[in-house]
Amino acid sequence: MSKQIQLFFKIILCILGAWLLFDIVAHFLVEVLWFEELGYLPAFLIRFQTQASLWAIATGTSSIFLLANLRLAHKLKHPPPPDSIDRRQRKRQKIASSLSLSLTESIVQSRQTAIVPHTSPPIPERAALSLNWLFLSVLSLGSLAGLIVLHYSKIALNYWQPNFTLAKVTPPLPPPFDLTAVGKILSESLGQGWGIHLQWIVIAASVLLFLFADSFYSVAIAVLLSLLFGFTLAGNWTRILEFFAATPFNHQDPLYHLDVSFYLFRLPFWELLYFWLGGLFLYGWAACSLTYFLSGDSLSQGRFPGFSQQQLRHIDILGGLVMLSLVFYHALSVIKLVYSTRGVTYGASYTDLHVQLPVEVISGLMAGAIAVWLFYRGIYHLQRDRRHTKIRHPLTVILLVLYLVIFLSGEIAGNVVQSLNVQPNELERETPYLQHNIAETRAAFALDRIDARTFDPQNNLSLETLQNNHLTLENIRLWDTRPLLEANRQLQEIRLYYSFQDADIDRYNMQIRQKGQSQKQLTQKQQVLISARELDYKQVPEVAKTWVNKHLVYTHGYGFTLSPVNKVAKGGLPVYFVQDIATKEEGGTLRLADEIIRGSIPIGKPRIYFGELSDTYIMTSTRVQELDFPSGQDNAQNTYDGIAGISLSSFWKRLIFAEYLKDWQMLFTQNFTPDTKVLFRRNINRRIRTIAPFLRYDSDPYLVNADTQEPESARVGNYLYWIVDAYTTSDRYPYSDPGKREFNYIRNPVKVVIDAYNGRVNFYISNPDDPIIQTWQKILPDLFNSLEEMPASLLEHIRYPTDFFSIQSEQLLTYHMTDIKVFYNREDQWQIPQEIYGEELLPVQPYHLIMRLPEEEEEEFILLHPYSPRARPNLIAWLAARSDGDRYGKLLLYQFPKQKLVFGVSQIEALINQDPTISQQISLWNTQGSRVSQGNLLVIPIENSLLYIEPLYLEAEQNSVPTLARVIAVYDNTIVMANTLDSAFQELFKPRSPEETNEAIIRSLDELNERLLEGITPEN
């Protein structure tokens, strides 16, 4: 019976091992096939080879080091008393005979061999440590070992649980195990409720395994820790490759005069090396020390006999390695002073250089001296006249105490100097470091490239001036993304399973007929909102969520809407240039507003197989036709004919995909044909992050409709592409203040284009001057294309990324100040204006305009953001980012004269809401069942003047379709609320005769401002 049980367990183990191996091979082969399909197999192989090598080196080296030291420790440990040996042998024999496991027998034999008395000296009668001190030592070392395992486990899990949001694309550098890490573990545990129990169970289990188990468990934990080291270093493959392919910045830091590339590419490597070796040496020392303390059944006997000479030598050498790693730690700490947060600014300050720097240097020298002394003791210093020794090593203790005193006194001395010397004379002491912080922060966020100019509003607009700027006026955004999306969801979703995830601002060249010349056409830029009609499988009714529907039928979205931002249809609804889906008898195309739009916008068959909502894998070209689009009471059907997908023509491919996707119905379905392909990772955000995880990506991919003249796109009639901006970032730029972000350096060097039908991904370099992207060009030369290779029709739609602009805009609130005294006193601190959006008070977001900048001759696509001074609501400046042609990427900052009052966003909002007639009208609309929402208040520069435009939307409280109810325009000394924007301009700039009648409300801004200053509330 025992042989049968043994055979059964052997078979189970073999099956589990084979299954694990099959799963690993299946994942690898699927990744190879997927990257090969996209043409990025070389990039994947470089990544895989690097990760596999790092894992093998870190795991192998760590295992050899820990297992060799543990084996030596078990060889040198004190043998247990004879009665303890007999008791253990009887117990193990009983367990082995009851289970009849050969594996247990082999373990028993190995343990018996390990505990057979050897050449260790006899145990002295007098104990070196009492039971209390022994228990405290064992508990401390066990807790230390448990905390190390817990710390590195959490870091490894963080690296191998990818999160595809913007902030988590590249995990931060792993923190080493030190007092800060221990404090973080304890604080997180205390704040996690039930999490504290799980974490402390892990720690307690580690202690108990050491206390009551034998060498098998200590070996298992050592192997586990080695695996954790391997996985963590493999997760940092990008930093290793950057180290060997570093590109110089040709810019030195102001403190140590090292090239910035050292901090961005070299320093992370050395930090990673310390993270590994520091934890490895510390755990090895703790585990071996604990083994010696527990030897001879010391806890059971109630006494510790003391260390033998060989044990001391072993511990001394391991202790020397620990101290040597501390030398490395202090050397890194000296360099990392450029990231100090002590003092008034970010980066090394007066106290850091005059107190902390000497402390780190002296501490490092002291740690080095202790390491040398311990190595000397362990290798050469043999005390042959004593077989055992008590724990009394005066010189070692003195050096350690002196080291701790110096190390801990640094923080105290720094606080004293900061409080008594620096703070009373802060500006004088910190002036050079403030200068470093300003210069490096501006460089890291590209603020030093902003062209600053003066804008002095003259308020000299007229109808003639407006006519000269008609393109700007015709592109004033009356439709925000939120009300347009609500209208789309009510009017354009057509079926439950369609969804509009987002609406994106863009500009298109529209052909227009010139008045009076029907045969002559002109091309004019038109700002539009484009929104993809994607298929959201989550919206499919539960009863219809079958395997066939999920993977064979509901495969793609269809079409998009295109709306001009400034036009309003009857009833206040948005105008659609592109909308609906025609019936299958009409060819399933989208409905266009007129033939002019047909000549400007290529439509074709706008199927969306890859998008923001595409989160299922699908099989195409099967015996089951796909749902193409709804057509009346019926549905049109389609079979995918694009180039995306991996063939499932062979059984082995179906087998590995079934394992990879954990979908075994793929093996048994009868719906597959020899042409069937599988399409997965169809979500564009996950798709691009899998290919290039070393980049950060913009939070707003935007859809573009363009004819790229590619034969494949023309064949299938697909003209939809997604464009995503990609960033290179780092948190290692010296003296650059990150603010609330995880990085303190950012550039936008890459534009990613994804084919919505074929899933092809192309990376185009738009800023080749960035050293980080130059480094990655060396590492992955086949991944990137130059911007000149992007099709011209797509190149017209690239834009300055909003996320990048927002980050720069936020940094500029403080770092526009370059004068040291002004910066220190925050005399000219700016803030983001507040506006009422809907019914909430929110910061003004950057917004796009087609406008002509001052001193320019033609209109262009601009991203604009206004500023107000701190504690005052008026306007102080506005920042503009350019997106067209050779001017792409240039930033202009227009500052208003400080001695002149320019109404700010919140002031205009207050004046609007203060007007009794406008307020009364809004209150009248806000009756039961409906509400008025205030849209974005736009500040629009026109020549040397400013216009303020705000739309008002009326919507029902339930199932609302927002309609544009009124437009409010403010200029100079007048505020107007009218039905349309044209009417508002007429009332602002054209005298009205008494006979003319209209519904516009016209108010003097002076009167409203006086009422606002007097605190008079609106009349209801």
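Residues numbered from 1 in each chain as written. Predicted model: local features only at pLDDT ≥ 70, side-chain atom pairs only at ≥ 80, totals over all residues. Heavy atoms only, no water.

Participant: I would appreciate a short explanation of the packing of helix H13 (residues 350-379) against helix H14 (residues 394-422) in the present structure.
Facilitator: Angle between the axes and distance between the axes: these two values describe a pair of packed helices. At a minimum axis separation of 9 Å, H13 and H14 run at an interaxial angle of 175 degrees. Here H13 lies roughly antiparallel to H14, going by the angle between them. Within the contact of H13 with H14, the residues separate by chemical class into 19 nonpolar, eight polar and one charged. (Axes fitted to C-alpha atoms, helices over the stretch in contact; angles between N-to-C directions. Helix = DSSP H or I, 4+ residues; strand = E, 2+ residues; numbered from the N terminus. Parallel < 35°, antiparallel > 145°, perpendicular 65-115°, else oblique. Nonpolar A, V, L, I, M, F, W, Y, C, P; charged D, E, K, R; others polar.)

Participant: Looking at this model, I keep getting lost on the confidence of the model for the protein chain. Mind explaining?
Facilitator: Detail in the predicted coordinates should be disregarded across regions flagged by low pLDDT. Mean pLDDT over the protein chain works out to 84, with 84% of the residues at or above the 70 mark. Across the protein chain, element-level confidence peaks in helix H25 (residues 771-779) with a mean pLDDT of 97 and bottoms out in helix H4 (residues 102-115) with 40. In the predicted structure, residues 94-127 sits below a pLDDT of 50 and forms 46 contacts with residues beyond four places in sequence or in another chain. Counting contacts from residues 382-392, a segment whose pLDDT is below 50, to residues more than four positions away or on other chains yields 23 contacts. (pLDDT = per-residue confidence, 0-100. Contact = heavy atoms within 4.5 Å.)

Participant: I'm lost on the packing of aromatic side chains in this one. Help?
Facilitator: The geometry of two aromatic rings is summed up by the distance between their centres and the angle between their planes. As enumerated under the stated definition, the model contains 54 aromatic pairs in all. With 5.1 Å between their ring centres and 75 degrees between their planes, Phe 269 and Trp 270 make a pair best called edge-to-face. Overall, Trp 270 belongs to the partly exposed group, its relative accessible area being 31%. Seen in terms of ring centroids, Phe 694 and Trp 776 are 3.8 Å apart; in terms of plane orientation they differ by 5 degrees. Their pairing is stacked. On the criterion of sequence distance, the pair formed by Phe 694 in the loop between helix H23 (684-691) and strand S18 (696-697) and Trp 776 in helix H25 is long-range, its members being 82 residues apart. The exposure class assigned to Trp 776 is buried, which follows from its relative accessible area of 0%. Clustering of aromatic rings is evident, with ring pairs tying together Phe 28, Trp 34, Phe 35, Phe 44, Phe 48, Phe 657, Tyr 660 and Phe 680. Sitting over the ring of Tyr 350, Arg 429 keeps its end group 5.3 Å from the ring centre. For Arg 732, the ring lying beneath its charged end belongs to Tyr 339, and the centroid distance is 5.3 Å. (Phe/Tyr/Trp six-rings, centres within 6.5 Å; stacked < 30°, edge-to-face > 60°. Buried < 20%, exposed > 50% of the residue type's maximum accessible area, 1.4 Å probe, protein only. Lys NZ or Arg CZ within 6 Å of the ring centre and 35° of its normal.)

Participant: Explain the packing of H14 against helix H15 (residues 426-444) here, please?
Facilitator: In contact at an axis separation of 9 Å, H14 and H15 are set at 115 degrees when each is read in the N-to-C sense. Along its contact with H14, which presents Gln 418, Asn 421 and Val 422, the element H15 presents Glu 426, Arg 429 and Glu 430. Split into classes, the residues belonging to the contact of H14 with H15 amount to one nonpolar, two polar and three charged.

Participant: Mind showing me how you'd approach the nonpolar core here?
Facilitator: Soluble globular proteins: nonpolar side chains tend toward being buried together. Residues Phe 560, Leu 562, Val 578, Phe 657, Val 752 and Phe 763 are the most contacted members of the largest nonpolar core, which totals 213 residues. In contact with Phe 657, other than residues within four places in its own chain, are Val 30, Leu 33, Ile 646, Leu 648, Lys 662, Met 666, Val 678 and Phe 680. Among the nonpolar cores identified, the runner-up in size contains 68 residues, and Leu 473, Phe 500, Ala 978 and Phe 985 belong to it. (Core = buried A, V, L, I, M, F, W, Y, C linked by side-chain atoms within 4.5 Å.)

Participant: Which parts of the structure should I look at to understand the pairing of strand S20 (residues 720-730)?
Facilitator: Within a regular beta strand, the side chains point alternately toward one face of the sheet and then the other, so they alternate between its two faces. Counting buried positions over the 11 residues of S20 gives 10, a clear majority of the element. Relative to S20, S18 runs antiparallel, the two sharing two bridges. If you follow Tyr 697 over to S20, its bridge partner there is Ala 726. Bridge count between strand S19 (residues 702-705) and S20: four bridges; the pairing is antiparallel. In the sheet register, Asn 705 faces S20, and the bridge partner there is Leu 720. Inspection of the sheet shows S20 paired to strand S21 (residues 745-755) by nine bridges, in the antiparallel sense. By the bridge assignment for S21, Val 724 is matched with Val 752. (Pairing = 2+ DSSP bridges.)

Participant: Is there a simple way to explain the pairing of S21 in this structure?
Facilitator: Counting buried residues in S21 gives 11 out of 11 residues, a clear majority hidden from the surface. Sheet analysis places S21 next to strand S22 (residues 761-765), joined by five bridges and oriented antiparallel. When the bridges of S22 are listed, Ile 754 appears paired with Val 761. The turn joining S21 and S22, which pair antiparallel and follow one another in sequence, is formed by five residues; a positive phi near 75 degrees is taken by Gly 759.

Participant: Just checking my understanding: could you explain the pattern of salt bridges for this structure?
Facilitator: Once their charged atoms are close, side chains differing in charge can pair, the charge on each being opposite to the other. Using the criterion set out here, one finds 34 salt bridges in the structure. Measuring nitrogen to oxygen at the nearest pair gives 2.9 Å for the salt bridge that ties Arg 477 to Asp 480. Both residues of the pair, Arg 477 and Asp 480, count as buried. Put simply, Glu 742 and Arg 696 hold a salt bridge, and the shortest N to O gap is 3.7 Å. In this pair, Glu 742 is assigned in the loop between S20 and S21 and Arg 696 in strand S18, connecting sequence segments 46 residues apart. (Salt bridge = Lys/Arg side-chain N within 4 Å of Asp/Glu carboxyl O.)

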